[in-house]
Amino acid sequence: MKIMKYNNPLSSIPQPIQGYIDYLLLNVYSLSSSGLYEGKIGFAVVLFELSKLYQNEYLEEQAYEVLKEALVSKQEDCSLEHGLAGIGYGFLYLTHNKFIEADFEELFGEQHQQVIKNIETLLEQSTDIRELSSQLYYLYAYQLYSNRNDIKNLALNVKEKVVRILIDIYSQSVEQGIYAKQATALTVYQTEYFLKICYWSNQKVNGDFIEALLKFIKCRGVSLLPLMTVYLSILAENKHKISPLIEANHRPSVVSSLKLNFLSPNEYIDLLYLLNHSRIQKTECNLVHKLKEEFLQSLDRIDTDQYRLLSKHNISFASGLPRYLLHYVYQESRVVNSLINPFV
């Protein structure tokens, strides 16, 4: 009896990447969610990127199958993390970067309308910074596709509401002291998330918002998150107001006192991608370049072993193996100019 030899379609891919891909493919079809953070569309993005990097037709076929399953899913959730906005965002990423040729309106038009209606409802009823901000990712990605004025206006209204909420929180904390509604660590984290969206979508940041945030930092002695410091230095129009955060004559600056060794894998990936991005190279600002140099020197001192192997059992696009593999692709292919941020 002749034994047939198994032909592994991933054999040309080096280890340990081949093993990671095997694990993804083993689990992807059992996912109940089709969303971006925990579901199929995030996997589709990663598989398409890997198929392009390795010129692997089998991976491309698998990516198409996963994408089709994500697009035909029926659900009421319209969130970026788990619902239709995330599916649409992944679809727009793939079409914009020419992984697929498809008519977005034909395949996702009905779901798009659901997302827009949900955003209009959130605009009227929600005060959740993260919930509102996350929808801006979808709106800005869709603008690249459609360039419609009504979408631009909707995004502007959502952005302005987020800014008003943040100004109110930070101003109250400064003006009313211990009796104020305190700006918590969660608020600071949500502010970073909002600034990240503004940066990747080329949106200006309201001067009153920057002023309120800087007064809060000075008054409360808050240690900024590493990424927030970077975004502030780039987005603020009055760079001289940011410079004390980076340079200090008689006390440690915010940058020099940052504990970069305590960055999460997500923060490390985001920071490295941002600092390598071509748009920063074109920014004519000594402050930004100085900040970039300091951060890159600090990154060299980080023990990167902790980022090379995330738990295979964490298959979340938001924080697990798929995100790491996407980071790996961008590092290997040196692709750093996507207008739609892959690390949402």
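All values derive from a computational prediction rather than experimental measurement.

Chemist: Explain the pattern of salt bridges to me, please; I cannot follow it from the model alone.
Modeler: Two side chains bearing opposite charge may form a pair once their charged atoms approach each other closely. Tallied over the entire structure, the rule returns 7 salt bridges. Between Asp 150 and Arg 148 there is a salt bridge whose closest N-O contact spans 2.6 Å. A residue is classified by how much of its surface remains accessible, and Arg 148, at 31% relative accessible area, is partly exposed. Of the charged contacts in the structure, one is a salt bridge between Glu 211 and Lys 241, with a shortest N-O distance of 2.6 Å. One end of the pair, Glu 211, is in helix H9 (residues 207–220); the other, Lys 241, is in the loop between helix H10 (226–235) and helix H11 (243–246), and 30 residues separate them in sequence. On the basis of relative accessible area, Lys 241 is assigned to the partly exposed category, the value being 33%. The structure contains a network of salt bridges with shared partners spanning Lys 196, Asp 270 and Arg 323.

Chemist: Even after reading the chapter, I still don't get helix H2 (residues 40–54), so can you show me in this structure?
Modeler: Each full turn of the α-helix corresponds to 3.6 residues, which orients residues three or four apart in the same direction. Here H2 spans 21 Å end to end across 15 residues, near enough to the 21 Å set by a 1.5 Å rise per residue. The element H2 is largely enclosed, with a buried count of 13 among its 15 residues. Two residues or fewer past H2, Gln 55 is found with a positive phi of approximately 50 degrees.

Chemist: What is the right way to look at the nonpolar core in this model?
Modeler: The tendency in soluble globular proteins is for nonpolar side chains to be buried side by side. Ranked by size, the top nonpolar core spans 120 residues in total, and within it Tyr 138, Leu 139, Phe 209, Leu 232 and Leu 325 carry the most contacts. No other element matches the 10 residues that helix H7 (residues 149–175) contributes to this core. Residues in contact with Leu 325, not counting those within four places in the same chain, are Ile 17, Tyr 20, Leu 24, Val 46 and Leu 50.

Chemist: Before we go on, may I ask you to explain the side chain of His 327 in this structure?
Modeler: Relative to the helices and strands, His 327 resides in helix H16 (residues 321–333). For His 327, a relative accessible area of 11% translates into the label buried. With residues up to four places along the chain from it excluded, the contact list for His 327 reads Tyr 268, Ile 269, Leu 272 and Phe 343.

Chemist: Looking at this structure, I do not really get helix H4 (residues 84–96). What am I missing?
Modeler: The first and last C-alpha atoms of H4 sit 18 Å apart over 13 residues, in line with the 18 Å expected at 1.5 Å per residue. Counted residue by residue, H4 has 12 buried out of 13 residues, so it is predominantly covered. Among all positions in H4, only Leu 84, Ala 85, Gly 86, Ile 87, Gly 88, Tyr 89, Gly 90, Phe 91, Leu 92, Tyr 93, Leu 94 and Thr 95 are buried. Contact partners of the buried residues in H4: H2, helix H3 (57–71), helix H5 (104–125), helix H6 (129–146) and H16. Lys 98, located one to two residues past H4, shows a positive phi value of around 60 degrees.

Chemist: Got a minute to help me understand the packing of H2 against H3 in this structure?
Modeler: Between two packed helices, the angle of one axis relative to the other and the distance separating the axes together describe the packing. Orientation of H2 relative to H3, taken along the N-to-C sense of each, is 160 degrees, at an axis distance of 8 Å. Comparing the axis directions of H2 and H3 gives the class roughly antiparallel. Both H2 and H3 take part in a crossing whose hand is left-handed. Between H2 and H3, the residues in contact are Lys 40, Ile 41, Phe 43, Ala 44, Leu 47, Phe 48, Leu 50 and Ser 51 and Leu 59, Glu 60, Gln 62, Ala 63, Tyr 64, Val 66, Leu 67, Glu 69 and Ala 70, respectively. Of the residues in the contact of H2 with H3, the class split is 12 nonpolar, 2 polar and 3 charged.

Rules of the game
Residues numbered from 1 in each chain as written. Predicted model: local features only at pLDDT ≥ 70, side-chain atom pairs only at ≥ 80, totals over all residues. Heavy atoms only, no water. Salt bridge = Lys/Arg side-chain N within 4 Å of Asp/Glu carboxyl O. Buried < 20%, exposed > 50% of the residue type's maximum accessible area, 1.4 Å probe, protein only. Helix = DSSP H or I, 4+ residues; strand = E, 2+ residues; numbered from the N terminus. Expected span 1.5 Å × (residues − 1). Core = buried A, V, L, I, M, F, W, Y, C linked by side-chain atoms within 4.5 Å. Contact = heavy atoms within 4.5 Å. Axes fitted to C-alpha atoms, helices over the stretch in contact; angles between N-to-C directions. Parallel < 35°, antiparallel > 145°, perpendicular 65-115°, else oblique. Left-handed = near helix turned anticlockwise from the far one by under 90°. Nonpolar A, V, L, I, M, F, W, Y, C, P; charged D, E, K, R; others polar.

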